[in-house]
Amino acid sequence: IIEGAAIAARILNCKKIVFAIEDNKPDAIEKLNSAITDASEKSLYPIELSICVAPTKYPSGGEKQTIELVTGKQVPKGKLPASLGIVLQNVATLHSIYRAVVDAKPLFERVVTLTGDLIQEPGNYWIPFGTKIEDLISRFSIDKSELEGVILGGPMMGQSTNEFKTPVTKSTNCIIFNRG
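Residues numbered from 1 in each chain as written. Predicted model: local features only at pLDDT ≥ 70, side-chain atom pairs only at ≥ 80, totals over all residues. Heavy atoms only, no water.

Student: Help me out: how do you make sense of the side chain of Thr 131 in this one?
Tutor: For Thr 131, the location among the structural elements is in the loop between strand S4 (123-128) and helix H5 (133-139). A residue is classified by how much of its surface remains accessible, and Thr 131, at 17% relative accessible area, is buried. Here Pro 128 takes part through its backbone oxygen, which lies 2.8 Å from a polar atom of the side chain of Thr 131. Leaving out residues up to four positions away in the same chain, Thr 131 has contacts with Leu 136, Thr 166, Pro 167 and Val 168. (Helix = DSSP H or I, 4+ residues; strand = E, 2+ residues; numbered from the N terminus. Buried < 20%, exposed > 50% of the residue type's maximum accessible area, 1.4 Å probe, protein only. Polar contact = N/O pair within 3.5 Å; in protein donor to acceptor, adjacent residues only side chain to side chain. Contact = heavy atoms within 4.5 Å.)

Encoded structure:
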């Protein structure tokens, strides 16, 4: 993630990278702090690296909300974050940048959170793009007779669908399998 961020920063001529993590993710905060310390001690990146631990509150995960939490600045209506000199990327994008540049691997899959009442092994899984929801239902032995539909995205902003031929795309980050 740090290397992906450093690659993006170099392309964009950024001097500072701030990683925003919600305060309910202490393991991620600890691991990222350690990785930043290691990178800084080795002088691997001529960029200032830091972490902003943000309070866990809805809807802080949106781009504009995250920017305001981290910088205190509001993106003007009708403008992009770049108008403030800010670029915001999620960890999946940073990981994909790293894999594309360093490993020469194309973007053909992403980490998707699979969760809900009907999944026996909830977790984060690498899912290839184009994988249909019905294939995930089969692979994870989800009882289709109890499944009325799924939610694509998080529980607050996700979209409900009962079209199980819907594929995983680059924007699919979560699928919730709940009883009907």
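Having seen it, we continue.
Student: Would you explain the nonpolar core in this entry?
Tutor: Considering soluble globular proteins, one finds that nonpolar side chains tend to be buried as a cluster. Leu 114, Leu 136, Ile 142, Leu 147, Ile 175 and Phe 177 are the most contacted members of the largest nonpolar core, which totals 17 residues. Going through the elements one at a time, strand S3 (109-115), S4, H5, strand S5 (147-152) and strand S7 (174-179) are the ones with two or more residues in this core. With 3 residues, H5 is the single largest residue contributor to this core. Non-local contacts of Leu 136, meaning those with residues more than four positions away in its chain, are made with Leu 114, Ile 127, Thr 131, Ile 142, Val 168, Ile 175 and Phe 177. (Core = buried A, V, L, I, M, F, W, Y, C linked by side-chain atoms within 4.5 Å.)

Student: Any chance you could explain the sheet that holds S3 here in plain terms?
Tutor: Remark on secondary structure: sheet strands pair via backbone hydrogen bonds, oriented parallel or antiparallel. Taken in spatial order, the 5 strands make up an open sheet running S4-S3-S7-S5-S6, and their pairing is mixed. Only two strands of the sheet have a single neighbouring strand rather than two, namely S4 and strand S6 (159-161). Across this sheet, the average inter-strand angle for adjacent strands is 30°, counted without regard to direction. (Pairing = 2+ DSSP bridges. Axes fitted to C-alpha atoms, helices over the stretch in contact; angles between N-to-C directions.)

Student: Can you help me understand the packing of helix H1 (residues 2-12) against helix H4 (residues 91-101) in this one?
Tutor: If you want to describe how two helices pack, look at the angle between their axes and the distance between the axes. Close contact between H1 and H4 brings their axes to 7 Å; oriented N to C, the two are set at 80°. The angle between the axes of H1 and H4 places the two elements in the roughly perpendicular class. In this structure, H1 contributes Glu 3, Gly 4, Ala 5, Ile 7 and Ala 8 to the contact, and H4 contributes Leu 94, Ile 97, Tyr 98 and Val 101. Residues of the contact of H1 with H4, tallied by class, amount to 7 nonpolar, 1 polar and 1 charged. (Parallel < 35°, antiparallel > 145°, perpendicular 65-115°, else oblique. Nonpolar A, V, L, I, M, F, W, Y, C, P; charged D, E, K, R; others polar.)

Student: Honestly, the pattern of salt bridges in this entry has me stumped. Any pointers?
Tutor: Side-chain pairing between opposite charges can occur once the charged atoms of the two side chains come close. Under the counting rule described, the total for this entry stands at 4 salt bridges. Close ionic contact of Lys 25 with Glu 22 constitutes a salt bridge, the shortest N to O distance being 2.8 Å. You can call Lys 25 partly exposed: its relative accessible area is 36%. Between Lys 165 and Glu 134 there is a salt bridge, with its nearest N and O atoms 3.4 Å apart. A residue pair is termed long-range when its members are at least 10 positions apart, and Lys 165 in the loop between S6 and S7 and Glu 134 in helix H5 qualify at 31 residues. (Salt bridge = Lys/Arg side-chain N within 4 Å of Asp/Glu carboxyl O.)

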